[in-house]
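# Notes for the structure review
Letter by letter, the chains look like this.
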Amino acid sequence: MRIAALSHAALDLGLSPGMALADARAREPDLAACPHDAAADAALLGWLADGCERYTPMVATQGEAGLVLDLTGCEAVFAERGSAKTGPCFDRLSTNGQQGRSESFEAQLARDLVARLAGAGFTARLARGDTPDMAHALARFACRDPRALPVEALALDGDGHIALHRAGLSTIGDLADRPRAPLAARFGPQLPVLLARLLGEEDPRITPRRHAPEIEVERRYAEPMMTTGPLLAVIADMAHEAARALDLAGTGGRRFGVALFRVDGHVARLTVETGAATRDPAVIARLFDERLDSLADPLDPGFGYDMLRFAVLDAEPLDPDQQPLEGGEARIPDLAPLLDRLAVRFGAASVRRFHPRDHHFPEHAATTRPARAGAAALPWPAPEPGEPPLRPLTLFDPPQPITVLAEVPDGPPRRFQWRGEQHRVRLSEGPERIAYPWWRVEQGEGPTRDYYRVEDESGRRFWLFRHGLYEERGNPDWYIHGLFA
Amino acid sequence: MQSESALLARLRGTIAQAKAVASAHPPVPLGSEAADRALGGGLKRDGLHEFYAAEPQDSPAALAMALLCAVRCRATGHGAPLLWLRERKARSDGQPYGPGLAELGIDPDSVILLDLPDLMAVLRAGADSLHHGGATAALLEMPGKASAFDLTASRRLALAAARMGMMVLVARGCAQPVPSVAHSRWRVASAPSAALAADAPGHPVFDLTLIRHRGGKEGIDLRLEWNRDEQSFRAPLSGGVSAPAIGGADRSGGRRAA
């Protein structure tokens, strides 16, 4: 077993990651070790990245322990928001009263971020760079000048940096001024690309964890919100503001999200969907009300929420509502808002519609799908006039076995037993023969089904089938597949 | 004199109001003359109607009867969709089958199925749907002993139904009637159908007993056959059990083999 990561105290003892655990224990017998859980580490990093979305929507994780925040353009937004509505943007700074506005935006942000991370028990090394790679390398090697970085900062595959060391090139500065073509020829084509990124000559974009929504509304609080009581009112207020923006854009939202940023860096997210585009704040607020009611584990405000963000995650064009010029007749209320509400409360799979399918097996000929999946593409088969219903009202899935007394080879059942009761058959029709889909399944054939519509002496109507012909299998089983009205 | 004429005017006003309400929600005729006479024109369009299965095995008949009343309501009113609320656990009688609905003359595309986790959810979603309106009828399927469906719950549904002009249909399989404010309560059983050619089972026939009818006659026995092509009920032509049943089994065997 090898050591994956070490605490500061352990590093001070002279241990290093990559050592065998047995060697480390030989040197420090009371070393405490626990198994490395890469997934949990990644989840923790993701949790931190979510928390950093309070500064910028462009947040990406890098490597095992790195976060990259793209702050391009954020300063103007923060300055505007900070002065206009919600007071200073970094509350901690102003309350500490250390520095005012003379400090640069990045320095304020860095101070706030370090304070928040320290509060959550993390040690952070921050660095600012012109490109994501430069910032990451500077933070990782705690360095101020990109040229002073060791060549390991290039993160070359395999032992690339050993080869560089052997060639006497130990810092980025050594590489920077050399012609790139010979470097590429000797150390691989990847090197000049990485070098250019590290030196800020090429500026790749980061891929943010979340796509930045087009419409966002934020509320920041100097004093965190300690209870969920006023939450709904705040959401309704933000929905109003978003509705105005949607109205201007001529769009309506299909999916809305609220992110609740807790003081300790945790982010809770609520999402609601609607069946049709809407921008009615009352409807949106009601959906969030349902969502809050139906949460499996309720929101835990902990030390309070100090920021809320309302986002329109999916938008579609929506024309403005128009009242008819003439009074018009009383309209039937639209069902869509009701179905949306029920879908939020009981799950989208609860609201269903019937869908026909192009399949000749009865159990596959139709299905129910969540109403949101859209309308059916196929028409329903029209029943033949004058005929009684040939398909049952309810279908058993799977069919239930029954014991039957019937004539061989393909006579209708005379008597059958189902759920412990005997039924004498008075009327019957059949067989309706439904073959196994041999044209779809390559190997082998399944049994043919012979369906009978029967009515017993008390007038109850059943749909029975024999699973197989007598020539296919010696003693075929009988099943009940459905009940008629 | 003055007070008398004022009283008359007030009474006229009351009558006119009642008539306006009645014309806004005309009753839903079932289509069979005897049934409609017994009901005084038909089922109350903005009322609560219960369908109890006579025996546990008649649950499909009770369900079908409720569905078909909803179809009548839709055929004689505006063509808004029908809401069918059922418990996810209610699977002992199988799952609703789209082609089967189509065969009964119910357009499956006009039905919205709400597959809900428990009885409380059914009642809550039912009340919500009635408050919202926009559907022709709401069918609540409540099999077994549904203790949450009590007098208060039924009153809540009935009031909401009256306000929005929606019909509420409650299908109860495997259940004993409990006190409720239903406008009509029926006991439903499957009845032998009129045999078609070659002893084939015919159109669905139901034996109905009107065991409760608010403001009307009670204890009426009816036998109704569903006519899909006309989307209406009718009295069965041959009166159910007919001659072919006697010795029919021998003959039918020969026919089937053909």
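Residues numbered from 1 in each chain as written. Chains lettered and ligands numbered in written order. Predicted model: local features only at pLDDT ≥ 70, side-chain atom pairs only at ≥ 80, totals over all residues. Heavy atoms only, no water.

### Some points on the overall build of chain A
Where we set the bar: Each helix is a run of H or I in the DSSP string that is no shorter than four residues. Each strand is a run of E no shorter than two, and both are numbered from the N terminus. Here the term buried applies to any residue with accessible area under 20% of the maximum for its type, exposed to any over 50%, and partly exposed to those in between, with areas from a 1.4 Å probe on protein chains only. Any two residues whose heavy atoms approach within 4.5 Å at even a single point are treated as in contact. Using a 1.4 Å probe, accessible areas were evaluated by the Shrake-Rupley method; residue-level cover was limited to the displayed protein chains.
Secondary structure assignment for chain A yields 14 helices and 14 strands. Counting across all 485 residues of chain A, residues that qualify as buried make up 41%. When contacts within chain A are restricted to residue pairs at least 6 apart in sequence, those whose partners lie at least 24 apart make up 53%. Accessible surface for chain A amounts to roughly 26,200 Å². Of this, 51% is attributable to carbon and sulfur atoms.

### Here we look at the sheet that holds strand 1 (residues 48–53) of chain B
Hydrogen bonds along the backbone pair up the strands of a sheet, which may run parallel or antiparallel. Applicable threshold: Strands were regarded as paired on the criterion that DSSP finds at least two bridges between them. Angular values range over 0 to 180 degrees, each being the angle between N-to-C directions of two axes fitted as lines to C-alpha atoms, with helices fitted over their stretch in contact.
Spatial strand order, 8(A)-7(A)-4(B)-2(B)-5(B)-6(B)-1(B)-7(B)-8(B)-9(B)-10(B): eleven strands in an open sheet with mixed pairing. Looking along the sheet, the strands with just one partner apiece sit at the ends: strand 8 (366–370) of chain A together with strand 10 (232–234) of chain B. Averaged over all pairs of adjacent strands, the angle between strand axes in this sheet comes to 30°, irrespective of strand direction. For strand 9 (residues 220–227) of chain B and strand 10 of chain B, the ladder comprises three bridges, and the chain directions are antiparallel. Within the sheet, the bridge partner assigned to W226(B) lies in strand 10 of chain B and is F233(B). Each of strand 1, strand 2 (82–87), strand 5 (137–141), strand 6 (167–172), strand 7 (184–191), strand 8 (205–213), strand 9 and strand 10 of chain B is contacted by helix 3 (residues 59–75) of chain B, which is oriented at about 170° to strand 6 of chain B, the strand it contacts most. Along the sheet, helix 5 (residues 119–132) of chain B makes contact with strand 2, strand 4 (111–116), strand 5 and strand 6 of chain B, crossing strand 2 of chain B at roughly 165°.

### Focus: the pattern of salt bridges
All names here are of chain A. Convention followed: The salt bridge criterion pairs a side-chain nitrogen of Lys or Arg with a carboxyl oxygen of Asp or Glu, the two atoms within 4 Å.
Applying the stated criterion across every chain yields a total of 44 salt bridges over all chains. The salt bridge involving R391 is made with E432; its shortest N-O contact spans 2.8 Å. Residue R391 is found in the loop between strand 8 and strand 9 (394–406), and its partner E432 is found in strand 11 (residues 421–434); the two are separated by 41 residues along the sequence. For E432, a relative accessible area of 31% gives the class partly exposed. With a shortest N-O distance of 2.8 Å, R433 and D450 are connected by a salt bridge. Residue R433 is found in strand 11, and its partner D450 is found in strand 12 (residues 449–456); the two are separated by 17 residues along the sequence. On the accessibility criterion, R433 (47% relative accessible area) is partly exposed. Overall, D450 belongs to the buried group, its relative accessible area being 0%. Taken together, the shared-partner salt bridges in this structure form one network comprising D50, E53, R209, R210 and R269.

### Considering the environment of G165(B)
Residues and elements named next belong to chain B. Relative to the helices and strands, G165 is located in the loop between helix 6 (151–164) and strand 6. In sequence terms G165 and H25 are 140 residues apart; their C-alpha atoms lie 6.7 Å from each other. Beyond its immediate sequence surroundings of up to four residues, G165 is in contact with H25, R45 and D46.

### Quick notes on the sheet that holds strand 3 (residues 215–225) of chain A
Residue and element names in this part refer to chain A. Spatially, the four strands line up as an open sheet ordered 3-6-4-5, and their pairing is antiparallel. Two strands in the sheet have a free side with no partner beyond their single neighbour: strand 3 and strand 5 (267–278). The mean inter-strand angle of the sheet, taken between neighbouring strand axes irrespective of direction, is 15°. As paired elements, strand 4 (residues 251–262) and strand 6 (residues 305–317) share eleven bridges and run antiparallel to each other. Paired with G252 across the strands is E316, a residue of strand 6.

### Details of the interface of chain A and chain B
The following threshold applies: Here the quantity called buried area is the total loss of accessible area, with a 1.4 Å probe, experienced by two parts when brought into contact, counted for both. Each polar contact in these results corresponds to two N or O atoms within 3.5 Å; when the atoms are within protein, one needs to be able to donate a hydrogen and the other to accept it, and residues that are neighboring in sequence are counted only if both atoms are side-chain atoms.
Taken together, the contact between chain A and chain B spans 60 residues of the former and 68 residues of the latter. Buried surface at the junction of chain A and chain B, summed over both partners, amounts to about 5,600 Å²; 61% is from carbon and sulfur atoms. It is F354(A), L393(A) and R460(A) that lose the most area in chain A upon contact with chain B, and together they represent 14% of the buried surface on that side. Counting across the chain A and chain B interface gives four salt bridges. R341(A) serves as the salt-bridge partner of D128(B), at 3.9 Å between the closest nitrogen and oxygen. Where chain A packs against chain B, one counts 24 residue pairs in polar contact (both at pLDDT 80 or more).

### Here's the deal with the confidence of the model for chain A
All names here are of chain A. Defined as follows: Summary of the metric used: pLDDT quantifies the predictor's per-residue confidence within the range 0 to 100.
Averaged over every residue, the pLDDT of chain A is 83; the share at 70 or more is 91%. Ranking the elements of chain A by mean pLDDT puts helix 5 (residues 91–96) last, at 38, and strand 14 (residues 477–483) first, at 93. Every residue in residues 83–101 is under pLDDT 50, and counting partners more than four places away or in other chains gives 30 contacts.

### Observations regarding the packing of aromatic side chains
All names here are of chain A. Keep this limit in mind: Classification of ring pairs uses Phe, Tyr and Trp, with its six-membered ring standing for Trp, and accepts pairs whose centres are within 6.5 Å; under 30 degrees between planes counts as stacked, over 60 as edge-to-face, and the remaining range as tilted. As a reminder, the over-ring test applies to NZ of lysine and CZ of arginine, requiring each to be within 6 Å of the ring centre and within 35 degrees of the ring normal.
One pass over the full model with this rule turns up eleven aromatic pairs over all chains. Seen from their ring centres, W418 and F462 are 6.0 Å apart, and the 75° between their planes marks the pair as edge-to-face. Taken together, the residues W418 in strand 10 (residues 413–418) and F462 in strand 13 (residues 461–467) connect sequence positions 44 residues apart. Each member of the pair, W418 as well as F462, is classed as buried. Ring plane angle 40° and centroid distance 4.9 Å describe the contact between Y451 and F465, whose orientation is recorded as tilted. Within this pair, whereas Y451 is found in strand 12, its partner F465 is found in strand 13, the two being separated by 14 residues in sequence. Per residue, the accessibility class of Y451 equals that of F465, and both read buried. Sitting over the face of the ring of F465, R449 holds its NZ or CZ atom 5.0 Å from the ring centroid. The lysine or arginine in question, R453, covers the ring of F484, its NZ or CZ lying 6.0 Å from the ring centre.

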